[in-house]
Protein chains: 2
Amino acid sequence: MKFSPLLDSLIRELQILPGVGPKSAQRMAFQLLERERKRGLQLGQTLQRALTEIGHCQHCRTFTENTLCDICANPKRAENGQLCIVETPADVAAIEQTHLYSGRYFVLMGHLSPLDGIGPKELGLDQLDNLLKNGDWQEVILATNPTIEGDATAFYIASMAKQYQIKVTRIAHGVPVGGELELVDGTTLSHSLSGRRPLE
Amino acid sequence: MKFSPLLDSLIRELQILPGVGPKSAQRMAFQLLERERKRGLQLGQTLQRALTEIGHCQHCRTFTENTLCDICANPKRAENGQLCIVETPADVAAIEQTHLYSGRYFVLMGHLSPLDGIGPKELGLDQLDNLLKNGDWQEVILATNPTIEGDATAFYIASMAKQYQIKVTRIAHGVPVGGELELVDGTTLSHSLSGRRPLE
Ligand SMILES: [Zn+2]
Ligand SMILES: [Zn+2]
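Residues numbered from 1 in each chain as written. Chains lettered and ligands numbered in written order. Predicted model: local features only at pLDDT ≥ 70, side-chain atom pairs only at ≥ 80, totals over all residues. Heavy atoms only, no water.

In the nomenclature of an unreviewed UniProt entry, chain A is known as Recombination protein RecR of Tolumonas osonensis. Taken directly from UniProt, the Sequence similarities (unreviewed entry) text for chain A runs: "Belongs to the RecR family." Its UniProt record gives chain A the following Function (unreviewed entry) comment, quoted word for word: "May play a role in DNA repair. It seems to be involved in an RecBC-independent recombinational process of DNA repair. It may act with RecF and RecO." (UniProt positions renumbered as here; feature names shortened; annotations may be inferred.)

What follows is the structure in structure tokens.
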């Protein structure tokens, strides 16, 4: 025991946070005790509320404390019949920030990874199948990451959507805007070349 | 708003922790929600208990949820009449781990820093004065850091202790054991030279 039992517990438990080791947990605990008691208490309360109340949206699986997330609860977002498939809630946020997309989402909360025991069931693909079957979809946009797993997941979902004669697209991968060609890795450059389009 | 209101709050509040920016706060929130709900709830509870219950030891000012810390509550630690002055509770832990010291401590919770508004009062030096006046002390060991502020603080406390004819010592500073001379900074090397002792 280095400190009092309660302080030792706090320092030990802070280490469940990703990237936090013994030294930074100790620094966090001291800073909270010395300077941030009020906001630290608030954080403790929010942590408990969030981990109790936040679940998954019943339509798209993103994190929300409500039955439906704001996007799924908005009938306007269903009007154009677009469904964008992403791996994480952060991907939804990134696409929303472009202000270029006004359809719905489905959040896999991961990608197919058989070695880690993550199969179609873990990604909610039975739920997605129901959604595809019963919705009035014009297009499924596959926005999983351009990784081996993300590509495999996209391929799997593409074959699901084609069963219902829904148009399937994959977001373009290539040289980032403002990026320098010589700094881009080979795989990205291959994607960029094979995805080339006529200049209009 | 990037996520649901409650998730946004969690991500924002996690950033009161030192070293945690928006990206790592988001990563922490997602990991807790996906994989660590139970331990995260426990952390929320411990955070609230710690920030409510942990105060300062009435004798030595270190952090404790009790009136006295374990060391001050142990009459054996008062027997040899040694009082070691340190800047932080972490310094107490470091000295305890040497198993070479069996006296009491006084924890300043900082060092004199007039520009930051930290004077004798903020370091509890009135309380220390009472302790020195009313105790049966053989030696005050100054173990503040070997920095300008730590040295100034040690000097200040030394003059307090001398009022009561208590022997005052300063811990030795020099080349760390196992360290290489050429890698040590000049100030440390000066301390090391001026603190030289005859080989026995
Ligand atoms: Zn939703
Ligand atoms: Zn104490």
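A.B. asks: Whenever I open this one, the coordination of the zinc ion (ligand 2) confuses me. Can you help?
C.D. replies: Around a metal, the ideal angle is 109.5 degrees if four donors adopt a tetrahedral arrangement and 90 or 180 degrees if six donors adopt an octahedral arrangement. Residues and elements named next belong to chain B. Distances from the zinc ion (ligand 2) to its protein donors, C57 (SG), C60 (SG), C69 (SG) and C72 (SG), fall within 2.3 Å. Note that the zinc ion (ligand 2) binds 4 donor atoms; their angles at the metal cover 103 to 118 degrees, and the shape is tetrahedral. Mapped onto the sequence, the donors of the zinc ion (ligand 2) take the spacing C-x2-C-x8-C-x2-C. Residue C57 is found in the loop between β1 (55-56) and β2 (63-64), and its partner C72 is found in the loop between β2 and β3 (82-86); the two are separated by 15 residues along the sequence. Judged by its relative accessible area of 8%, C72 is buried. (Donors = N, O, S within 2.8 Å, 3.2 Å for Na, K, Ca; no water. Tetrahedral: all angles 85-135°; square planar, octahedral: opposite > 155°, others 65-115°. Helix = DSSP H or I, 4+ residues; strand = E, 2+ residues; numbered from the N terminus. Buried < 20%, exposed > 50% of the residue type's maximum accessible area, 1.4 Å probe, protein only.)

A.B. asks: What exactly am I supposed to notice about the confidence of the model for chain A here?
C.D. replies: Any region with low pLDDT has predicted coordinates that should not be read closely. In this model, chain A carries an average pLDDT of 92, and 99% of its residues clear a pLDDT of 70 or more. Both scores are available for the predicted complex, with the pTM at 0.85 and the ipTM at 0.86. (pLDDT = per-residue confidence, 0-100.)

A.B. asks: Please clarify how the pattern of salt bridges should be interpreted in this entry.
C.D. replies: Residues and elements named next belong to chain A. Following the criterion strictly, the structure yields 10 salt bridges over all chains and no others. With a shortest N-O distance of 3.3 Å, R49 and E53 are connected by a salt bridge. Placement of the pair is R49 and E53 together in helix α3 (residues 37-53), with a separation of 4 residues, close to one helical turn. Since its relative accessible area comes to 37%, E53 is described here as partly exposed. (Salt bridge = Lys/Arg side-chain N within 4 Å of Asp/Glu carboxyl O.)

A.B. asks: Got a minute to help me understand the pairing of strand β4 (residues 104-107) of chain B in this structure?
C.D. replies: Successive residues of a regular strand alternate their side chains across the two faces of the sheet. Residues and elements named next belong to chain B. In β4, alternate side chains face the same way, and those of R104 and F106 on one face and Y105 and V107 on the other are all buried. In terms of strand pairing, β3 meets β4 through 4 bridges, oriented parallel. In the strand pairing of β4, I85 is matched with F106. Once the chain exits β3 it traverses helix α4 (residues 89-96) before rejoining the sheet at β4, and the crossover so formed is right-handed. (Pairing = 2+ DSSP bridges. Right-handed = clockwise from strand over helix to strand, strands pointing away.)

A.B. asks: Is there a simple way to think about helix α2 (residues 22-35) of chain B in this case?
C.D. replies: Structural remark: α-helix, 3.6 residues per turn; residues separated by three or four positions point the same way. For α2(B), spanning 14 residues, the distance from its first C-alpha to its last is 20 Å, which sits close to the expected 20 Å at 1.5 Å a residue. The set of residues buried in α2(B) consists of B:S24, B:A25, B:Q26, B:M28, B:A29, B:F30, B:L32 and B:L33. Here the buried face of α2(B) lies against α3, β2 (63-64) and α4 (89-96) of chain A together with α1 (5-14) and α3 (37-53) of chain B. (Expected span 1.5 Å × (residues − 1). Contact = heavy atoms within 4.5 Å.)

A.B. asks: Quick question: what am I supposed to make of the coordination of the zinc ion (ligand 1) here?
C.D. replies: Residues and elements named next belong to chain A. Bound to the zinc ion (ligand 1) are the protein donor atoms C57 (SG), C60 (SG), C69 (SG) and C72 (SG), situated 2.2 to 2.4 Å from the metal. Taken in sequence order, the residues that donate to the zinc ion (ligand 1) follow the motif C-x2-C-x8-C-x2-C. A residue pair is termed long-range when its members are at least 10 positions apart, and C57 in the loop between β1 (55-56) and β2 and C69 in the loop between β2 and β3 (82-86) qualify at 12 residues. Here C57 falls in the buried class, since its relative accessible area comes to 2%.

A.B. asks: Mind showing me how you'd approach the relation of the copies chain B and chain A here?
C.D. replies: The operation relating the two chain copies consists of a rotation about an axis and a shift along that axis. For the pair chain B and chain A, the best superposition has an RMSD of 0.1 Å and corresponds to a rotation of 180 degrees with a translation of 0.0 Å parallel to the axis. Each copy turns onto its partner about a two-fold axis. The C-alpha atom lying nearest the rotation axis in chain B is that of B:G44; the distance is 2.0 Å. Taken together, the interface assignments show that 100% of the residues at the interface of chain B recur at the interface of chain A, consistent with an identical surface on both copies. (Least-squares fit on C-alpha atoms with pLDDT ≥ 70 in both.)

A.B. asks: What exactly am I supposed to notice about the UniProt feature "zinc finger region: C4-type" (unreviewed entry) in chain A here?
C.D. replies: Taking the numbering used here, the UniProt-annotated feature "zinc finger region: C4-type" (unreviewed entry) corresponds to residues 57-72 of chain A. When the span residues 57-72 of chain A is considered, its composition is 0% helix and 12% strand, and the gap between its end C-alpha atoms is 8 Å.

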